[in-house]
Every structure is written in C-alpha cells, then in structure tokens.
Amino acid sequence: MEEQVQEPHDAPQVSDDQAQKDEQERQREQQQAAKLLECEKLFTQPDSIMEPGILDVLRRYLDLGGSAQNGADFLVDKYIGYGQMASLVCSWIAKADQANEETSSSNQADEVTHMQALIADKFDPDKVDTLLRTRRGPPKWLTPLIADRAGRELIYTLSARYKNCQLLKYAMQRILMAGHDDEVASVGSRLAGYFEVFHNLMVKRLEEMLHGDDARMQVLSRELMDICCSSQHTYAHAQQLLKELGAQPQGARFKRLSQDMEVYAAEKLSHPIAWKMHQFFLGSHTSVADAEVAVLVADLLAADKGHTRSLIPKLHKLYCTPPHAHQIPPMALLQHPKVFEILVQGLFEPSQRLPVETQRTYVQLLATAASAIDQRQQSGSLDLAEVPAQATALQGAISLAKQANEGHRFSPAELQQAAQPLQVPCAAMGLLYSMEQTLLDRRIWSTALDMLPAPAFLTLMLVLVPLQPLMHTKVSQSHHK
C-alpha cells in the first residue's frame, strides 16, 4: 500500500525534469540554427570568399554542424571577382602605357586617389575605435599603411576631419615616431587640432632652431607660424612658450620668432586680436606701469596707418623725456619689429612731410629703440650712449631721401659723405623704403621729368649695398618688384 501511495507522488517530478531538459535542448538548437544562419549570411555576401577571415567563419560553420558542400556552394555562387577584375584592368593599363612612364605614373596616382576618396567616404570613426578597443593591439594593416606615403596622406586627411578618433590619434603618434616630422609639418594647420601632435612637432622644431643656420631658421619659422596660428589656443600656447624661451641666455631667436608670429597672425591671417593679446604674455613680474605701456604699444600695433601718429608722442614722452634711466619703461616693449616698421614708414614716406617737431619726435624715439641696450632685468643698466649718433644718422638719411626724390645729382664727395649715415642699419632701411615707395609709383615713369629720382636712388644704392650685406635680399626684392 505504501508503494502505491508513493508512485503518484514521484511521477510529476520526473515529468518536470524531462520537460526542462527538452526546453534546454530546444533553445540550444535554436541558438545553433541562429549561428548557422549568421554564417550563411556572411557566405552570401558578394565576393565573400575574398574576405580575410572567411576561413575562420567556414570552420565555425562546420563546427556548428553545417554542411561542407553547402558552405562551398555558397562561396562559389557568390564569387564575382571585383578585386581580380580591378587588378586585370590595372595590368592592362600598365601594359598599354608601358612605353610612357609618366602616363603610367599618372594612372597609378589616379587609382590611389580614387581609393583614398572611397575610404574617406566610407570611413566610420566609431567602428574603427571599437576595433581598437576590442583587439589586443592596433590592427595589422595600420603598419603598412603608415609605411606608404599615400597611406599617410590618407591618415592626415581623415585626422583633419575626425579629430576625436582614437585610432587616428594613435596613427599620428606612430607617424611622428617613424620620423616623418617634415611631412607632418608640411600638412600644417590641418592637424593643429590634435594638441599632442601639435605640441610634439612644435617642441622638435624649436629644438632644431637652437642649432640651425639662417636658411633653416627661415624654413622652421614659416612652419611654426603656420601650425601655431591655426587657432587661438595653439597661438596662445606657442606665445607663452616662446616668451619663456626668449628670457633664457640664448633666447634672442625665440623672441624674434614670437614677434614675427604676432605679425603673421595679425596681418597675414587677418587676426588683429593678436596685437591685443600682446600684453597677456608679459609675465607675472611686470608692474602696473609697464603693463600700461604694453597696452599703449598694442594700440599702436593694432592701429591703422593713418591713426598711428597720435600715439607716437605718448611713447616718446615715456621713453625719451624721463630724466633718470630707471624711470624709462622696459625697452623690450618698444623694440618690436612692427614698431620699427611704423616709425621708419612715418619718417621716410615720400608722399608726406612731417612737421619739424613731429619729425624730431619720430627720430628720437626710433633712435632710442634701435640703439638702447637694456640689461636692467639682468641686474645691469640701461645704456643710451649710442642714441645721439643714431639720431644723427637718421637725420642724414632723411636728407638723402629728400634730395633723391627731388632728382639731385650726387657728386663723388657727397656720395662719400652719404656712406656715413648709411652705415647705420636703421637709417639704411629708411632710405631703402623711400626708394621703394618712389620707384614703385607708376606715375614717375610717365615722363622724363618724373623719372629724375630714379638715377639718384640707384646711385645711393651703390653706396648702401656694400655697407649693409644683410639687406641684400631686401634690395633685390625691391628691384624685382
């Protein structure tokens, strides 16, 4: 009787276990079928047999119980041969143009250009970043892509478009590590958005400037100005770094680069705010009075050509009238290339005649800026001993320019006397500017009478050129115009 009572109690439990096993088996079969379907879906893609990982997919398909015959049929049926057809056509083109190497190179370049455009159009930064995260290390195809010039150009193009792509950032670092600094520099401002790339390239170029000759310095300066002036944050970062380097013992070239970069950003790229930023890089040791002078200089740099004359007397009062040297502001604020340019043009502009007092103000301020040696920040003194001689030379150059514009014929004795003021670079530059403005005016070539200044200036150039070898490039450019 006890056995008869137990049987009805155990029967339902056995039935439930079997049902659970059946359900698990059914789910396993469904999962396996889904995986098989996924593999078959990959097989049915056009040219699926040409995919790099297709053998792994085929092995997984067979492990899941798929038919080897079906797998082979799928791959064969979906083979189209796009890649082989493209290679065949390229080989035909190469053979057809084998006699003409230039045409062959052009066709190859067209093929590369087409591939770059296709990749750029299909590129998905999110997918490639996922690829970088899910794999152990970068993809294998990245190394040969970086080794190829066209491949690197593709990376530059994509990097400029997708600035937050981690794979492209990694690729840019690899390119720099491979030694392609000059190539990256030629890309210039397109990659300035990658701050780490920009900073590393800038530091390497600044290190080169320590030991480069004049020709190399000019190349490096152009590259640095191009990449540093692409945005306000890169410009501010570069200027702050250059100001710190300029304060070091061998910092003169960095100081000049900082000044040239201001001119480049403000004039070449039409960003006048660069002049207003001039005061932001003075340093924490700058006094309130010096900061006010910096603002005045920034206003002068930013002013239009017709509005600079009202600011010159203010600077003259600050730099040329104090009775004691310690009352004079730092000369570094005044000794800016653009300030020299403004003063020289104001003094030697042929079309205008300054009043005597205004001319004296310009001359004294320019002579102070050109000859004063300020070593007060290095516990030294302010040396103004050469200012009178500089002012005398400027007055002499102004007189020579006036005589030449009037068509004066210089005698040998007068030319010998002209050599004395033209030994001073600032005076020589002023005469050269006056000659350039006069001879570039088309009106003087209209009649023989108007052409009188030309022989006079050319005669003075015969005196100036041997005395100022550093101005030979400027002289040749003036004649070329």
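Throughout, a residue's number is its position along its own chain's written sequence, starting from 1. Two thresholds apply to this predicted model, a pLDDT of at least 70 for residue-level local features and 80 or more for giving and counting side-chain atom pairs, whereas whole-chain, interface and lining totals are computed over all residues. To get the side-chain values, take all heavy atoms of the structure and skip hydrogens and water.

Description of the overall build of the chain
Here is step 1 of the chain: Counting its secondary structure elements, the chain contains 25 helices and 2 strands.
Here is step 2 of the chain: Relative accessible area decides the class of each residue, using a 1.4 Å probe on protein chains only: under 20% of the type maximum gives buried, over 50% gives exposed, and in between gives partly exposed. The burial tally for the chain puts 35% of its 481 residues in the buried class.
Here is step 3 of the chain: Any pair of residues with heavy atoms lying within 4.5 Å of one another is described as a contacting pair. A fraction of 63% describes how many contacts in the chain between residues 6 or more apart in sequence connect residues 24 or more apart.
Here is step 4 of the chain: Working definition of accessibility: Shrake-Rupley area with a 1.4 Å probe, residue cover restricted to the visible protein chains. Accessible surface, the chain: about 28900 Å² in total, of which carbon and sulfur atoms supply 55%. A run of H or I in DSSP becomes a helix once it reaches four residues, and a run of E becomes a strand once it reaches two; helices and strands are each numbered from the N terminus.

Examining the nonpolar core
Here is step 1 of the chain: Nonpolar cores were defined as sets of buried Ala, Val, Leu, Ile, Met, Phe, Trp, Tyr and Cys residues, with membership established by side-chain atoms within 4.5 Å. Judged by nonpolar contacts, the single largest core of 105 residues is most densely connected at Met-261, Tyr-319, Phe-348 and Leu-431.
Here is step 2 of the chain: Of all the elements, helix 21 (residues 387-405) adds the most residues to this core, at 9 residues.
Here is step 3 of the chain: Ignoring anything within four residues of it in the chain, the contact list for Tyr-319 reads Val-293, Ile-328, Pro-329, Pro-330, Met-331, Leu-333, Leu-334, Leu-365 and Thr-368.
Here is step 4 of the chain: Formed by 8 residues, the second largest nonpolar core is a distinct cluster that contains Leu-36, Cys-39, Val-57 and Leu-75.

Structural notes on helix 17 (residues 312-320)
Here is step 1 of the chain: Within helix 17 the residues assigned to the buried category are Ile-312, Leu-315, His-316, Tyr-319 and Cys-320. All buried residues of helix 17 lie within an arc of 105° about the axis, which places them on one face of the element.
Here is step 2 of the chain: In this structure, the buried residues of helix 17 make contact with helix 16 (288-302), helix 18 (331-334), helix 19 (337-348) and helix 20 (356-371). Think of it as the arc spanned by the lines of direction from the helix axis to the C-beta atoms.

As for helix 12 (residues 214-228)
Here is step 1 of the chain: Taking 1.5 Å per residue as the helical rise, helix 12 with its 15 residues ought to reach 21 Å, and the 21 Å between its terminal C-alpha atoms agrees with that figure.
Here is step 2 of the chain: Of all the positions in helix 12, only Met-217, Leu-220, Ser-221, Glu-223, Leu-224, Met-225, Ile-227 and Cys-228 are classed as buried. Under the convention used throughout, the expected extent of a helix is 1.5 Å for every residue step, that is, one less than its residue count.

Considering the pattern of salt bridges
Here is step 1 of the chain: By salt bridge we mean one thing: a side-chain nitrogen of Lys or Arg within 4 Å of a carboxyl oxygen of Asp or Glu. Following the criterion strictly, the structure yields 10 salt bridges and no others.
Here is step 2 of the chain: Note that Lys-338 is salt-bridged to Glu-341, the shortest N-O span being 3.3 Å. In this pair, Lys-338 and Glu-341 both sit in helix 19, 3 residues apart, roughly one turn of the helix.
Here is step 3 of the chain: Judged by relative accessible area, Lys-338 falls into the buried class, the value being 11%.

Considering the layout of surface pockets
Here is step 1 of the chain: Of the two site types, the cavity is a set of points on a 1 Å grid over the protein atoms alone where a 1.4 Å probe fits but cannot get out, and the pocket is an open set with protein on both sides within 12 Å along at least five of seven lines, each lined by residues with an atom within 4 Å of a point. Grid points are joined across faces, edges and corners, and a volume is the space filled by probe spheres set on the points. Taken as a whole, the largest pocket spans an internal volume of roughly 2400 Å³.
Here is step 2 of the chain: Residue lining of the largest pocket: 40 residues in total, with Arg-256, Asp-260, Pro-337, Met-429 and Leu-470 positioned closest to the centre.
Here is step 3 of the chain: Put simply, the parts of the chain that give the lining of the largest pocket at least two residues each are helix 12, helix 14 (252-268), helix 19, helix 20, helix 23 (425-439) and helix 25 (472-480).
Here is step 4 of the chain: Each residue gets one label: Ala, Val, Leu, Ile, Met, Phe, Trp, Tyr, Cys and Pro are nonpolar, Asp, Glu, Lys and Arg are charged, and the others, such as Gly, are polar. Across the lining of the largest pocket, the residue classes tally to 18 nonpolar, 9 polar and 13 charged.
Here is step 5 of the chain: What the second largest pocket holds in volume is close to 1100 Å³.
Here is step 6 of the chain: Lining the second largest pocket are 34 residues, with Gly-246, Ala-247, Lys-255, Ala-332 and Gln-377 positioned closest to its centre.
Here is step 7 of the chain: Here the lining of the second largest pocket is composed, by residue class, of 13 nonpolar, 16 polar and 5 charged.

Points about a nonpolar patch on the surface
Here is step 1 of the chain: A cluster of nonpolar side chains, contributed by Leu-88, Val-89, Trp-92 and Ile-93, occupies part of the molecular surface with about 370 Å² of accessible area.
Here is step 2 of the chain: Counting through the fold element by element, Val-89 comes out in helix 4 (residues 82-96). Each patch is built from residues that are more than 30% exposed by relative accessible area and take part in no salt bridge. Like charges join if they lie within 9 Å; nonpolar side chains (Val, Leu, Ile, Met, Phe, Trp, Tyr) join within 5 Å.

Considerations on the environment of Ala-265
Here is step 1 of the chain: Structurally, Ala-265 can be placed in helix 14.
Here is step 2 of the chain: On the basis of relative accessibility, which here comes to 4%, the residue Ala-265 falls in the buried class.
Here is step 3 of the chain: Through-space distance from the C-alpha of Ala-265 to that of Trp-275 is 8.9 Å; in sequence the pair is 10 residues apart.
Here is step 4 of the chain: Those residues in contact with Ala-265, other than ones at most four positions away along the chain, are Cys-229, Tyr-235, Ser-270, His-271 and Ala-274.

Here's the deal with the packing of helix 8 (residues 149-161) against helix 9 (residues 166-177)
Here is step 1 of the chain: Whenever a helix is involved, its axis is fitted only over the stretch in contact; in every case the axis is a line through C-alpha atoms, and angles between N-to-C directions fall within 0 to 180 degrees. Interhelical geometry of helix 8 versus helix 9 gives an angle of 135° and a closest axis separation of 10 Å. Compared by their axis directions, helix 8 and helix 9 come out oblique. Helix-helix and strand crossings are classified by hand; for helix 8 and helix 9 the assignment is left-handed. Between helix 8 and helix 9, the residues in contact are Arg-152, Ile-155, Tyr-156, Leu-158 and Ser-159 and Leu-168, Ala-171, Met-172 and Ile-175, respectively.
Here is step 2 of the chain: Class assignment of the residues belonging to the contact of helix 8 with helix 9 gives a composition of 7 nonpolar, 1 polar and 1 charged. Working rule for angles: under 35 degrees goes down as roughly parallel, over 145 as roughly antiparallel, 65 to 115 as roughly perpendicular, anything else as oblique. Left-handed is the label given to a crossing in which the near helix is rotated counterclockwise from the far helix by less than a right angle, and right-handed is the label when the rotation is clockwise.

What to know about the packing of aromatic side chains
Here is step 1 of the chain: Pairing of aromatic side chains here covers Phe, Tyr and the six-membered ring of Trp, requires ring centres within 6.5 Å, and sorts the geometry by plane angle: under 30 degrees stacked, over 60 edge-to-face, intermediate tilted. Summed over all chains, the structure comprises 3 aromatic pairs.
Here is step 2 of the chain: Taken together, a centroid distance of 5.2 Å and an interplanar angle of 85° make the contact between Phe-43 and Tyr-61 edge-to-face. One end of the pair, Phe-43, is in helix 1 (residues 2-43); the other, Tyr-61, is in helix 2 (residues 54-63), and 18 residues separate them in sequence. Residues Phe-43 and Tyr-61 agree in their burial class; the two are buried.
Here is step 3 of the chain: Ring centres of Phe-123 and Tyr-162 lie 5.3 Å apart, and the angle between their planes is 40°; on these two criteria the pair is classed as tilted. On the criterion of sequence distance, the pair formed by Phe-123 in the loop between helix 5 (101-122) and helix 6 (125-134) and Tyr-162 in the loop between helix 8 and helix 9 is long-range, its members being 39 residues apart.

A look at the packing of helix 20 against helix 21
Here is step 1 of the chain: Interaxial distance between helix 20 and helix 21 falls to 8 Å at its minimum, and their mutual angle equals 130°. Taken together, the axes of helix 20 and helix 21 are oblique relative to one another. The chirality of how helix 20 crosses helix 21 is right-handed. Residues Gln-359, Val-363, Leu-366, Ala-367, Thr-368, Ala-370 and Ser-371 of helix 20 form the contact with helix 21, whose own contacting residues are Val-387, Gln-390, Ala-391, Leu-394, Gln-395 and Ile-398.

Some points on the confidence of the model for the chain
Here is step 1 of the chain: Looking at the chain as a whole, the pLDDT averages 82, with 87% of positions reaching at least 70.
Here is step 2 of the chain: The predictor attaches a confidence to each residue, called pLDDT, with possible values from 0 through 100. The lowest-confidence element of the chain is helix 5, averaging 67 in pLDDT; the highest-confidence one is helix 20, averaging 95.
Here is step 3 of the chain: Counting contacts from residues 1-7, a segment whose pLDDT is below 50, to residues more than four positions away or on other chains yields 0 contacts.

Description of unusual backbone geometry
Here is step 1 of the chain: In this structure, Asp-47 takes a positive phi of about 60° despite not being glycine.
Here is step 2 of the chain: Here Asp-47 is to be found in the loop between helix 1 and helix 2.

Some details on the state of the cysteines
Here is step 1 of the chain: Any cysteine sulfur atom paired with another within 2.5 Å is treated as part of a disulfide. Per the counting criterion, the structure on display carries 0 disulfides.
Here is step 2 of the chain: No disulfide involves Cys-228; its sulfur sits 6.5 Å from that of Cys-229, the nearest cysteine.

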